[in-house]
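Listed below are the residues making up each chain.
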Amino acid sequence: MWNLFVSIFINILLWIYNLIGQNFGVAIILFTILIRIITWPLNAQQMKGAKAMQDLQNDKEWQAIQKKYAKDREKLAQEQMRIYREKGINPFGSCLPTLIQFPILIALYQSIIRALAATPLDLLKLSQSINPNFLDVAKLIPLNSKFLWMNLGQPEPYYILAIIVAATTYIQSKLTLPPATNPNDQSAAMGQSMAITMPLMLGWFALTFPSGLAVYFITSNLLGIVQYAAQGKANWSNLLPKSMRKE
Amino acid sequence: MRKKLLLLTTVLLGALLLSACGGAVRGTTWPGLAADETTAYLADLSLVYGVNLKDGSEAWRFSDPNDNKAQFYAPPVITPDGLLIVGSAGGKHTLYALNPRDLITNGDFKNPAIEWTFTGAGAGWVASPLIVENKLFAPNADGTLYVFDLNDGQTQKQPIATVELGGRLWAQPATDGERIYVTSLDHSVYAVDIATYAIVWQADIAAAIPGSPALGPDGKLYVGSLASQLEQFDPQTGNHQSVLDAEYWLWSTPILDGDTLYFGDLKGNFYAYDAASGNLNWSIQPDGAITANAILQNDHLLLATESGNLYAIGKDGKTLWFETVGGKIYTTPVTAGDLILVAPLETDFYLAALDSNGRQVWTFPAKK
């Protein structure tokens, strides 16, 4: 099943690669756009879910319930589920789309490695992943792994991509964080924490793994920022220092 | 709060999964294998092993203490004076000449002395070099054929010639004594003059060539490619034509017996092609992709498949016996004396020795 998933990725990536004149970097960018378009409804749902959760933290009834059942966790959980039902909130609505990114990420990583075929086993796996009736890949091999200054099958050695990945991830995370109005809002605190850990982690990925993956991260982040901005949900004030923000 | 924890856990799990995908772990690709009368030589990612043929015990192991990213999978070659030439596909891309007769005890292990190294290659060593008299012709993935004098006494080896060919050179060249024939992933076959190192001809066959060329009984050069065709070349001119359409990509190097060439494809078909008549004698489909070359043993052929089986096949295409070695076999087996050596992936041993009837004699490391 997983191999089928990766095979679909590889075939689409190579089809794009062939279509645009054999530039693997541009193929990854276009493929990322395609992924973003396909997952657009999920991302929209994530934003909606995050907003609903944020609104709940400021809801007077919920705050009262939290206070009332502060020492009875079971009852608090029951009340929480009731509130979710009443307000139509899906508790996993904001994190499920993020979870879906990980299989995509791992499949893309494997697709890049197989497509660029640095080792004999990668090339063999590529032969077993493609549909020869769909595309005559034999003529495309070896793929052109050069893109700008990078070899897409190798980590980028100058740290440039890692910095851009970390910066765009940070910006995207901050833009999506709603202003925390409740000082006891744990989800906001967690969001702030994720806004720091995610850029560091993805930056480390960009340092360690083939630069093709970093191209995916950057494209995906930029598209995410554009999506938030286009929907008027980007919280630009979060990028300013606290002292300069309008309260 | 609970779902955020779930998210964080998943993020960390994803990081772990991605991390597990990287690095030179065993199984990144298939090992290289060679043997002489007493020892099997296994190039298996971070280590090269010398294994006693008598009982499968470890004679020595080699890793470069100055290059922890070295990766060995090109099949080693043995020089006439007993040195083992093995190249690294990772790290500093060093080509080593090891001396298995000069072992240095290092804790629990013995390490062979390094006689010489070459560190000037631009990419990894995936192909075995070819020894012709006192010269070593070493194709590199940087597209260059490096030529070394084996008798110049240098410890920091410098090539006596470099021939810029192009593409990635993954396969051991072949020679007819006048020219060296080199295949490349850039779709080309090159003929290089063995004395002057000039490129005599270059021919493009419109598909990558991961396997070695073979000289046929008719004096022609035969090359299988990812175009799924067996290509026949005139070694003098480089003129070529396709003589056989296979079902899928050809990787293994055709082997020669009389007028017949035997080779497999990645769909698992095994072909016997009569070079004299130009006809396909027969084809069979044992099981699993065939990347390993067939080998001749007495009156039959030995063939390893991806499914982990070793087949003894008569020259009429009939299966005489088969043995399940285990794992997946991509490496060409090697015969040494009465033993058949097989180096599978995805098993708990790295090397198995079988007798001439396919019965297992020993494994390395020994099964617990």
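Residues numbered from 1 in each chain as written. Chains lettered and ligands numbered in written order. Predicted model: local features only at pLDDT ≥ 70, side-chain atom pairs only at ≥ 80, totals over all residues.

> Is there a simple way to explain the overall build of chain A in this structure?
Summing up its helical and strand segments, chain A has 10 helices and 2 strands in all. Counting helices and strands in the order they occur from the N terminus, chain A gives α-α-α-α-α-α-α-β-β-α-α-α. Considering chain A as a whole, with its 247 residues, one finds that 34% of them fall into the buried category. Considering only intrachain contacts with a sequence separation of at least 6, the fraction spanning at least 24 residues in chain A is 79%. (Helix = DSSP H or I, 4+ residues; strand = E, 2+ residues; numbered from the N terminus. Buried ≥ 20, exposed ≤ 12 C-beta atoms within 10 Å, placed from the backbone. Contact = placed C-beta atoms within 7 Å.)

> Looking at this model, I keep getting lost on the overall build of chain B. Mind explaining?
Across its full length, chain B carries 1 helix and 32 strands. Computed over its C-alpha atoms, the radius of gyration of chain B comes to 21 Å, within 12% of the 21 Å expected for a compact globule of 368 residues. (Rg over C-alpha atoms; globule rule 2.2 N^0.38 Å.)

> Is there a simple way to explain the sheet that holds strand 30 (residues 339-342) of chain B in this structure?
Note: strands within a sheet are paired through backbone hydrogen bonds, in either parallel or antiparallel orientation. Residues and elements named next belong to chain B. A sheet is described by the order of its strands in space; here 4 strands give the open sequence 29-30-31-32, paired in antiparallel fashion. The outermost strands of the open sheet, each flanked by one partner alone, are strand 29 (334-336) and strand 32 (360-364). Pairwise comparison of adjacent strand axes, ignoring direction, gives a mean angle of 25° for this sheet. Relative to strand 30, strand 29 runs antiparallel, the two being bridged by 3 bridges. Counted as the bridge partner of Val334 is Leu341 from strand 30. (Pairing = 2+ DSSP bridges. Axes fitted to C-alpha atoms, helices over the stretch in contact; angles between N-to-C directions.)

> Please clarify how the packing of helix 8 (residues 160-176) of chain A against helix 10 (residues 211-230) of chain A should be interpreted in this entry.
Between two packed helices, the angle of one axis relative to the other and the distance separating the axes together describe the packing. All names here are of chain A. At their nearest, the axes of helix 8 and helix 10 sit 9 Å apart, and the two run at 25° to each other. Here helix 8 lies roughly parallel to helix 10, going by the angle between them. Seen from above, helix 8 lies across helix 10 with left-handed handedness. Here helix 8 contributes Leu161, Ile164, Val165, Thr168, Thr169, Ile171, Gln172, Leu175 and Thr176 to the contact with helix 10, which in turn contributes Ser211, Ala214, Phe217, Ile218, Asn221, Leu222, Gly224, Ile225 and Tyr228. Split into classes, the residues belonging to the contact of helix 8 with helix 10 amount to 11 nonpolar, 7 polar and no charged. (Parallel < 35°, antiparallel > 145°, perpendicular 65-115°, else oblique. Left-handed = near helix turned anticlockwise from the far one by under 90°. Nonpolar A, V, L, I, M, F, W, Y, C, P; charged D, E, K, R; others polar.)

> Would you mind showing me how to read the environment of Thr119 of chain A here?
Position of Thr119 of chain A relative to the elements: it lies in the loop between helix 6 (96-116) and helix 7 (120-129). For the pair Thr119 of chain A and Trp204 of chain A, spaced 85 residues apart in sequence, the C-alpha to C-alpha distance is 24 Å. Contact partners of Thr119 of chain A, with chain neighbours within four places excluded, come to Thr28 and Thr29 of chain B.

> Looking at this model, I keep getting lost on the nonpolar core. Mind explaining?
Soluble globular proteins: nonpolar side chains tend toward being buried together. If you look at the biggest cluster of nonpolar residues, it comprises 155 residues, and the most contacted ones within it are Leu42, Leu341 and Val342 of chain B. Sorting elements by how many residues they give to this core places helix 6 of chain A first, with 7 residues. (Core = buried A, V, L, I, M, F, W, Y, C linked by C-beta atoms within 7 Å.)

> Honestly, the environment of Asn3 of chain A in this entry has me stumped. Any pointers?
Inspection of the secondary structure puts Asn3 of chain A in helix 1 (residues 2-19). Note: C-alpha distance between Asn3 of chain A and Gln110 of chain A (107 residues apart in sequence) is 9.8 Å.

> Would you mind showing me how to read the pairing of strand 3 (residues 47-52) of chain B here?
Strand residues, when the strand is regular, have side chains that alternate between the two faces of the sheet. Residue and element names in this part refer to chain B. Both strand 2 (residues 39-44) and strand 3 contribute to a ladder of 6 bridges, which runs antiparallel. In the sheet register, Ala40 faces strand 3, and the bridge partner there is Val51. Connecting strand 2 to the antiparallel partner strand 3 that follows it, the hairpin turn spans 2 residues, and Leu45 within it adopts a positive phi of roughly 65°. In terms of strand pairing, strand 3 meets strand 4 (residues 58-62) through 4 bridges, oriented antiparallel. Bridge assignment links Val51 to a residue of strand 4, and that residue is Glu58.

> Can you help me understand unusual backbone geometry in this one?
Leaving glycine aside, a negative phi is the common case for residues, and trans is the common case for peptide bonds. Following Ile141 of chain A, the chain continues to Pro142 of chain A via a peptide bond in cis, the omega torsion being 0°. With respect to the helices and strands, Pro142 of chain A occurs in the loop between helix 7 and strand 1 (146-147). Cis geometry marks the peptide bond from Phe364 of chain B to Pro365 of chain B; its omega dihedral reads -10°. Mapped onto the secondary structure, Pro365 of chain B falls in the segment after strand 32. Even without being glycine, Tyr159 of chain A reaches a positive phi, approximately 70°. You can call Tyr159 of chain A partly exposed: it has 13 C-beta atoms within 10 Å.

> Got a minute to help me understand helix 1 of chain A in this structure?
An α-helix turns once every 3.6 residues. As a result, residues three or four positions apart point the same way. Residues and elements named next belong to chain A. Compared with an ideal rise of 1.5 Å per residue, which puts 18 residues at 26 Å, helix 1 spans 26 Å between its outermost C-alpha atoms and is within 8% of the ideal. Of all the positions in helix 1, only Val6, Ser7, Phe9, Ile10, Leu13, Leu14 and Tyr17 are classed as buried. Burial along helix 1 is one-sided: seen end-on, the buried residues are contained in an arc of 160°. For helix 1, exposure combined with an orientation more than 90 degrees from the buried face picks out Leu4 and Leu19. One or two steps after helix 1, the chain reaches Gly21, where phi turns positive at roughly 90°. (Expected span 1.5 Å × (residues − 1). Arc of directions from axis to C-beta.)

> Can you walk me through the environment of Pro100 of chain B in this structure?
Residue and element names in this part refer to chain B. Along the chain, Pro100 falls in strand 7 (residues 95-106). The class of Pro100 is buried, set by 21 C-beta atoms lying within 10 Å. For the pair Pro100 and Ala59, spaced 41 residues apart in sequence, the C-alpha separation works out to 8.9 Å.

> For this particular structure, what's the right way to read the sheet that holds strand 11 (residues 144-149) of chain B?
All names here are of chain B. Strand order in this open sheet of 4 strands is 9-10-11-12, and the pairing throughout is antiparallel. What marks the edges here is a single partner per strand, and that holds for strand 9 (130-132) and strand 12 (161-164). Going from strand to strand, the sheet's axes swing by 20° on average, the running direction of each strand aside. In this structure, strand 10 (residues 135-139) lies alongside strand 11, joined through 5 bridges in antiparallel fashion. Paired with Ala138 across the two strands is Tyr146, which belongs to strand 11.

> Would you take a moment to explain helix 8 of chain A for this structure?
Its 17 residues place the ends of helix 8 of chain A 25 Å apart at the C-alpha level, agreeing with the 24 Å of an ideal helix rising 1.5 Å per residue. Along helix 8 of chain A, the positions that sit buried rather than exposed are Leu161, Ala162, Val165, Ala166, Thr168, Thr169, Ile171, Gln172, Ser173, Lys174 and Thr176 of chain A.

> Could you clarify how one ought to interpret the packing of helix 2 (residues 24-38) of chain A against helix 10 of chain A in this entry?
Residue and element names in this part refer to chain A. Taken N-terminus to C-terminus, the directions of helix 2 and helix 10 make an angle of 40°; their axes are 9 Å apart at the nearest point. As far as their axial angle goes, helix 10 and helix 2 are oblique. Here helix 2 runs over helix 10; the crossing is right-handed. In this structure, helix 2 contributes Phe24, Gly25, Ile28, Ile29, Thr32, Ile33 and Arg36 to the contact, and helix 10 contributes Gly212, Val215, Tyr216, Thr219, Ser220 and Leu223. Looking at side-chain class alone, the contact of helix 2 with helix 10 contains 7 nonpolar, 5 polar and 1 charged residues.

> In this structure, what is going on with the confidence of the model for chain B? I would like to understand it.
Interpretation of the predicted coordinates at a detailed level should be avoided for regions scoring low in pLDDT. Residue and element names in this part refer to chain B. The share of residues in chain B with pLDDT of 70 or more is 92%, and the mean pLDDT across the chain is 92. Considering only residues more than four positions removed or in separate chains, one finds that residues 19-23, a stretch of pLDDT under 50, has 4 contacts. Both confidence scores are given for the complex: pTM 0.85, ipTM 0.91. (pLDDT = per-residue confidence, 0-100.)

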